[in-house]
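# Working through the structure, step by step
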Amino acid sequence: DAGVIQSPRHEVTEMGQEVTLRCKPISGHNSLFWYRQTMMRGLELLIYFNNNVPIDDSGMPEDRFSAKMPNASFSTLKIQPSEPRDSAVYFCASSLNSGYNEQFFGPGTRLTVL
Amino acid sequence: QKEVEQNSGPLSVPEGAIASLNCTYSDRGSQSFFWYRQYSGKSPELIMFIYSNGDKEDGRFTAQLNKASQYVSLLIRDSQPSDSATYLCAGIKAAGNKLTFGGGTRVLVKP
């Protein structure tokens, strides 16, 4: 299996622009997670889905952030409008909803907002 | 207080020595714990998980869990330079699958 796939790997944009990050989970996994990692705040869970349904979005920082999972093989995280403080590495992870819930992380998208 | 706390380090250990990493958690509802390793510029990868009190060994790694004292530890025996990374501790409640991560401990193994 190719693992969790994320695109783009790097994104540089200007403040105010819309940014869309994409994720393809491992085939057969039914849980998907979006994380943000910064030096200051570490690894933070933004939102997660079970069977394409958002379960917990309490980590989404504000209304500028939105996430969708239209089917089992695709999810997006959108930031509109983007701000410099959104600069971070965004990871997508997936897991099989099994007893110990090992999560497999994608390579991440490094976002820079100028 | 963060739910999962780790010393940020760096923890510097000589090659061949034992690296000891600690993690404390505040939510007694947490049932299972995970140790992830993250190399600089890479994504986290799972090393071990533990859900019962006591020790669990896997190769050079041993995870220890003490639910009464609310701490989890990871021992790395015969440390190698390739073990130099940040180690993230994470806890999960039995009822859901939301991981809560600590801030990570950076480990430096010096030849």
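Here, residues in each chain are numbered from 1, in the same order as that chain's written sequence. Throughout, the order in which chains and ligands are written sets their labels, letters from A for the former and numbers from 1 for the latter. For this predicted model, a pLDDT threshold of at least 70 governs which residues receive local features, and a threshold of 80 or more governs which side-chain atom pairs are given and counted, while totals over whole chains, interfaces and linings are taken from all residues. To get the side-chain values, take all heavy atoms of the structure and skip hydrogens and water.

Okay, the overall build of chain B next. Put simply, DSSP H or I for four residues or longer makes a helix, DSSP E for two residues or longer makes a strand, and each gets a number counted from the N terminus. Across its full length, chain B holds zero helices and eleven strands. Shown N-terminal to C-terminal, the secondary structure of chain B runs as helices and strands in the order β-β-β-β-β-β-β-β-β-β-β. What the globule rule says is 2.2 Å times the number of residues to the power 0.38, and the radius of gyration is computed from C-alpha atoms. For chain B, whose C-alpha radius of gyration is 13 Å, the value lies close to the compact-globule estimate of 13 Å for 111 residues. Considering only C-alpha atoms, chain B reaches an extent of 45 × 30 × 20 Å along its principal axes. Exposure categories follow from relative accessible area, calculated using a 1.4 Å probe and restricted to protein chains: below 20% of the type maximum is buried, above 50% is exposed, and the middle band is partly exposed. The 111 residues of chain B split such that 42% are buried. When the accessible area of chain B is evaluated, it comes to approximately 5300 Å², of which 47% is carbon and sulfur surface. We count Lys and Arg on the positive side and Asp and Glu on the negative side, and we leave His and both chain ends out. Charge positions are represented by NZ for Lys, CZ for Arg, CG for Asp and CD for Glu. For chain B, the separation between the mean place of its 12 positive charges and that of its 10 negative charges on side chains is 5 Å. With residues, only the protein chains shown are counted as cover, and all accessible areas are computed by Shrake-Rupley using a 1.4 Å probe.

Turning to the sheet that holds strand β1 (residues 5-7) of chain A, a few remarks are in order. All names here are of chain A. A pair of strands counts as paired when DSSP detects no fewer than two bridges linking them. Reading across the sheet, the four strands line up as β1-β3-β8-β7 and stay open at both edges, with antiparallel pairing between neighbours. Single-partner strands in this sheet number two, and they are β1 and β7 (65-71). Within this sheet the neighbouring strands show an average axis-to-axis angle of 15°, counted without direction. Bridging between β1 and strand β3 (residues 19-24) involves three bridges; their strand directions are antiparallel. Residue pairing for β3: S7 is matched across the bridge by R22. Helix axes are fitted to C-alpha atoms over the stretch in contact, other axes to C-alpha atoms as well, and angles between N-to-C directions run from 0 to 180 degrees.

This brings us to the state of the cysteines. In protein structure, a disulfide is the covalent linkage between the sulfur atoms of two cysteines. All names here are of chain A. Cysteine sulfur atoms are paired as a disulfide whenever they fall within 2.5 Å. Under the defined criterion, the tally for this structure stands at two disulfides over all chains. Disulfide pairing is shown between C23 and C92; the S-S distance is 1.9 Å. Taking the sign of the S-S torsion, about -65° here, the bridge from C23 to C92 comes out left-handed. With C23 in strand β3 and C92 in strand β9 (residues 88-95), this pair connects stretches of sequence that are 69 residues apart.

Take the sheet that holds strand β7 (residues 61-66) of chain B next. Residues and elements named next belong to chain B. The strand order across the open sheet formed by five strands is β1-β3-β8-β7-β6, and the pairing between neighbours is antiparallel. The outermost strands of the open sheet, each flanked by one partner alone, are β1 (4-6) and β6 (54-58). With strand direction ignored, the average angle separating the axes of adjacent strands in the sheet is 20°.

Further remarks concern the interface of chain B and chain A. Note on definitions: a residue-residue contact is assigned when non-hydrogen atoms from the two residues lie within 4.5 Å. Contacts between the two partners involve 16 residues from chain B, matched on the other side by 20 residues from chain A. Looking at the side of chain B facing chain A, the largest losses of area belong to N97(B), K98(B) and F101(B), adding up to 37% of the total buried there. What makes a salt bridge here is a side-chain nitrogen of Lys or Arg within 4 Å of a carboxyl oxygen of Asp or Glu, nothing more. At the boundary of chain B and chain A, one finds one salt bridge. Among the ionic pairs, D56(A) bridges to K98(B), the shortest N-O distance being 3.0 Å. Two N or O atoms count as a polar contact when they lie within 3.5 Å, although within protein this holds only if one can serve as hydrogen donor and the other as acceptor, and sequence-adjacent residues are included solely when both atoms are side-chain atoms. Our count for the chain B to chain A interface comes out at four residue pairs in polar contact (both at pLDDT 80 or more). Broken down by secondary-structure element, the contributors of at least two residues to the side of chain B that touches chain A are β4 (30-38), β5 (45-50), β9 (85-93) and β10 (99-101) of chain B. Here the side of chain B that touches chain A gets three residues from one element, more than from any other, and that element is β4(B). Residues are sorted three ways: Asp, Glu, Lys and Arg are charged, Ala, Val, Leu, Ile, Met, Phe, Trp, Tyr, Cys and Pro are nonpolar, and all the rest, Gly among them, are polar. A breakdown of the residues in the side of chain B that touches chain A according to their chemical character gives nine nonpolar, four polar and three charged. Once two parts are joined, some of their accessible surface, as seen by a 1.4 Å probe, is lost; buried area is that loss totalled over both.

Function-wise, these values are silent; they only describe arrangement.
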